[in-house]
Amino acid sequence: MKQINLEEYKHIWVYAEKDPNGKIVGVTKELLCAAKRLQEKLGEEEKVVAVLLTGTGDISEMTKELAANGADRIVVVQHELLEGYSTELYSKAMCNLIELKKPSMLLIGATTRGRDFAPRVSYRVYTGLTADCTELDINDQGLLSAIRPTFGGTLMANILCKKSRPQMCTVRPKVLKKPEPDYSRQAEVDVVPMELDASLVKSKILEFLPFKIETGMSIEEAEIIIAGGRGLKCSDNFKMLEDLARELGGAVGASRAAVDAGWRDHHDQVGQTGKTVGPKLYVACGISGAIQHLAGMSSSEVIVAINKDPDAPIFQVADYGIVGDACEIIPALTEEIKNLKIATGAAS
C-alpha cells in the first residue's frame, strides 16, 4: 500500500457531473448538501469543493449552480478533450487533481457514469471505494462513515477508510436531501491548467439518443410515480397505470418482479438493482414491498400502497393503504380523478 501523510489531505470534494446538455445533474446537488452537513461536523476549515471537468465553453452557469447549492470553492479543468465524457481522460484528470490538491474525501453520484468513473479513480490513487451508499456521516474519529445496504438489503454496513486518502464513495441519486439553492452565494473558482493526451482515449461518444419513455417522463425526474408489481398479473395491465400517471402528470415505475417477467423495461425498475427515487407521491400497485424494493423508494414524501394482502410489508412504510385488487381499484381511481378534474375545471 502506498504510504501517505493523512494530515496533508483536506477538504470535501464533490464530483460535479453534467448531463449531455451541460446541466449539473441532481445527485451532484444532493451531494453538495450532504457535504455541507459533513462540513458542519468537521469544522469550517474543511471546505466543500466541487470538481468540474469540462470542455472549453462558457462555464458561468454551471459554476453559479454549484455555488448556489453549497460549493465554497470550484476546481475546474477545461480542455477540448473533456467536452464529452471519456472514461480514460476524466479518470486521468481527476487523479492528477487528487495528487496535486490532496482532498480528504471525494463524493461521486452512483449514476451510470459515476459507477464507471469512481472505481477507476480509486484504483489509480490507491484508495478504497464504498459503492452505492444511502447515507453519509462523520464518526467520532472524524472519519467519513459511508453507509450502504448489504446482504441483499437486510443489513446496513458502516464502512470506514482509515489508512488511505481520499475517502471515496458513490451515493445513490434521490436518497439524500437536495438543498434549496441560494443564488446569492459566491464560490472561489480555481481553474487548473492540464495537459491531456488524446491517445489515451479508447472509445468516443458519437451521438446521444435519449431513452424514449411511454409517458414522456422518466422516474428519476417525476414528482409522482405510479409503480406496478407482480400483483398486476400481466403486462397489459400496466396500461391502467399509464392512464393514471397521465391524469396525475407522473411516470410509471415497476418492481423487479415485473421487469423480470418482461412486463416493463429495466429503465422503469425501482429498487436496489434499479433506480432510487424520492417523488412527492409514490403509489405502489400490487407490490408486496420486499426490502430490495423499499431501498429504492422509501424516501418518497407520501407513499400509497394498494395490495390484496393486508399483511404485505409495503403497508409498514405506507402513509395510506388500500386493501384490494389493484386491477379493480386503479381504473376506479383514475375515473374519479378525471371526474374531479372536470368538476373543478382542471381537465385539459
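Let me sum up the structure you'll find in this document.

Calculation criteria
- Residues numbered from 1 in each chain as written.
- Predicted model: local features only at pLDDT ≥ 70, side-chain atom pairs only at ≥ 80, totals over all residues.
- Heavy atoms only, no water.
- Helix = DSSP H or I, 4+ residues; strand = E, 2+ residues; numbered from the N terminus.
- Rg over C-alpha atoms; globule rule 2.2 N^0.38 Å.
- Buried < 20%, exposed > 50% of the residue type's maximum accessible area, 1.4 Å probe, protein only.
- Pairing = 2+ DSSP bridges.
- Disulfide = S-S within 2.5 Å.
- Salt bridge = Lys/Arg side-chain N within 4 Å of Asp/Glu carboxyl O.
- Axes fitted to C-alpha atoms, helices over the stretch in contact; angles between N-to-C directions.
- Phe/Tyr/Trp six-rings, centres within 6.5 Å; stacked < 30°, edge-to-face > 60°.
- Core = buried A, V, L, I, M, F, W, Y, C linked by side-chain atoms within 4.5 Å.
- Contact = heavy atoms within 4.5 Å.

Turning next to the overall build of the protein chain. When its secondary structure is counted, the protein chain shows nine helices and 15 strands. At 22 Å, the protein chain has a C-alpha radius of gyration in line with the 20 Å of a compact globule built from 348 residues. Taken along the three principal axes of its C-alpha coordinates, the protein chain extends 65 × 45 × 40 Å. Classification of the 348 residues of the protein chain by burial places 49% in the buried group.

Once that is clear, we can look at the pairing of strand β9 (residues 167-171). Here is the key point about a regular strand: its side chains alternate between the two faces of the sheet. Of all five residues in β9, five are buried, a share of seventy percent or more. Neither face of β9 is exposed, since Gln167, Cys169 and Val171 on one face and Met168 and Thr170 on the opposite face are all buried. Across three bridges, strand β5 (residues 129-133) lies against β9 in parallel orientation. Residue pairing across strands places leucine 129 opposite methionine 168, the latter belonging to β9.

Our focus in this paragraph is the state of the cysteines. The full count for this structure, using the stated rule, is zero disulfides. Cysteine 161 provides the cysteine sulfur closest to cysteine 95, a residue in no disulfide bond, and the two sulfurs are 15 Å apart. Counting only cysteine sulfurs, cysteine 327 is the nearest neighbor of cysteine 234, a cysteine outside any disulfide, at a range of 7.0 Å. Of the residues examined, cysteine 234 reaches a relative accessible area of 29% and is grouped as partly exposed.

Counting across every chain of the model gives 17 salt bridges. For aspartate 268, the salt bridge goes to arginine 264, with nearest N and O atoms at 3.2 Å. Of the two residues, aspartate 268 and arginine 264, neither departs from the other in class, the shared state being buried. One network of salt bridges, with partners in common, ties together Lys36, Asp72 and Arg185.

Structurally, lysine 64 is set in helix α2 (residues 60-68). Residue lysine 64 is classed as partly exposed on the basis of its relative accessible area, which comes to 43%. In the structure, lysine 64 is positioned 196 residues away from aspartate 260 in sequence and 42 Å away in space, judged by C-alpha atoms.

Turning to the pairing of strand β6 (residues 135-138), a few remarks are in order. Of the two faces of β6, the one lined by Leu136 and Ile138 is fully buried and the one lined by Glu135 and Asp137 carries no buried residue. Pairing geometry for β6 and strand β7 (residues 144-150), over four bridges, is antiparallel. Pairing of aspartate 137 across the sheet is with serine 145, part of β7. The loop that links β6 with its antiparallel partner β7 comprises five residues; one of these, glycine 142, has a positive phi angle of about 80 degrees.

On to the sheet that holds strand β8 (residues 155-159), then. Pairing in this open sheet of three strands is antiparallel, and the strands run β6-β7-β8 from one edge to the other. Here the strands that pair on one side only, and so sit at the sheet edges, are β6 and β8. In this sheet, neighbouring strand axes are inclined to one another by 30 degrees on average, regardless of whether the strands run parallel or antiparallel. Strand direction decides the pairing type here: β7 and β8, joined by five bridges, are antiparallel. Within β8, the position partnered with threonine 150 by the bridge is leucine 155.

Scanning the entire structure with this criterion turns up three aromatic pairs. Judged by centre distance (4.7 Å) and plane angle (40 degrees), the ring pair of tyrosine 15 and phenylalanine 117 falls under tilted. Note that tyrosine 15 is positioned in strand β1 (residues 12-15) and phenylalanine 117 in helix α4 (residues 112-124), a separation of 102 residues in sequence. Ring geometry for tyrosine 85 versus tyrosine 90: centroids 5.0 Å apart, planes at 70 degrees, classification edge-to-face. An identical accessibility class is assigned to tyrosine 85 and tyrosine 90; each is buried. Following the ring pairs from residue to residue traces out a cluster consisting of Tyr15, Tyr85, Tyr90 and Phe117.

Formed by 30 residues in total, the largest nonpolar core has its most connected members in Leu38, Leu66, Leu107, Leu136 and Cys169. The element best represented in this core is helix α1 (residues 26-42), accounting for six residues. Beyond its immediate stretch of four places on either side in the chain, leucine 136 contacts Ala34, Arg37, Leu38, Leu107, Leu144, Ser145, Ala146, Cys169 and Val171. Counting 26 residues, the second largest nonpolar core, distinct from the first, contains Tyr15, Val77, Val192 and Leu196.

This is a description of form; function is not addressed.
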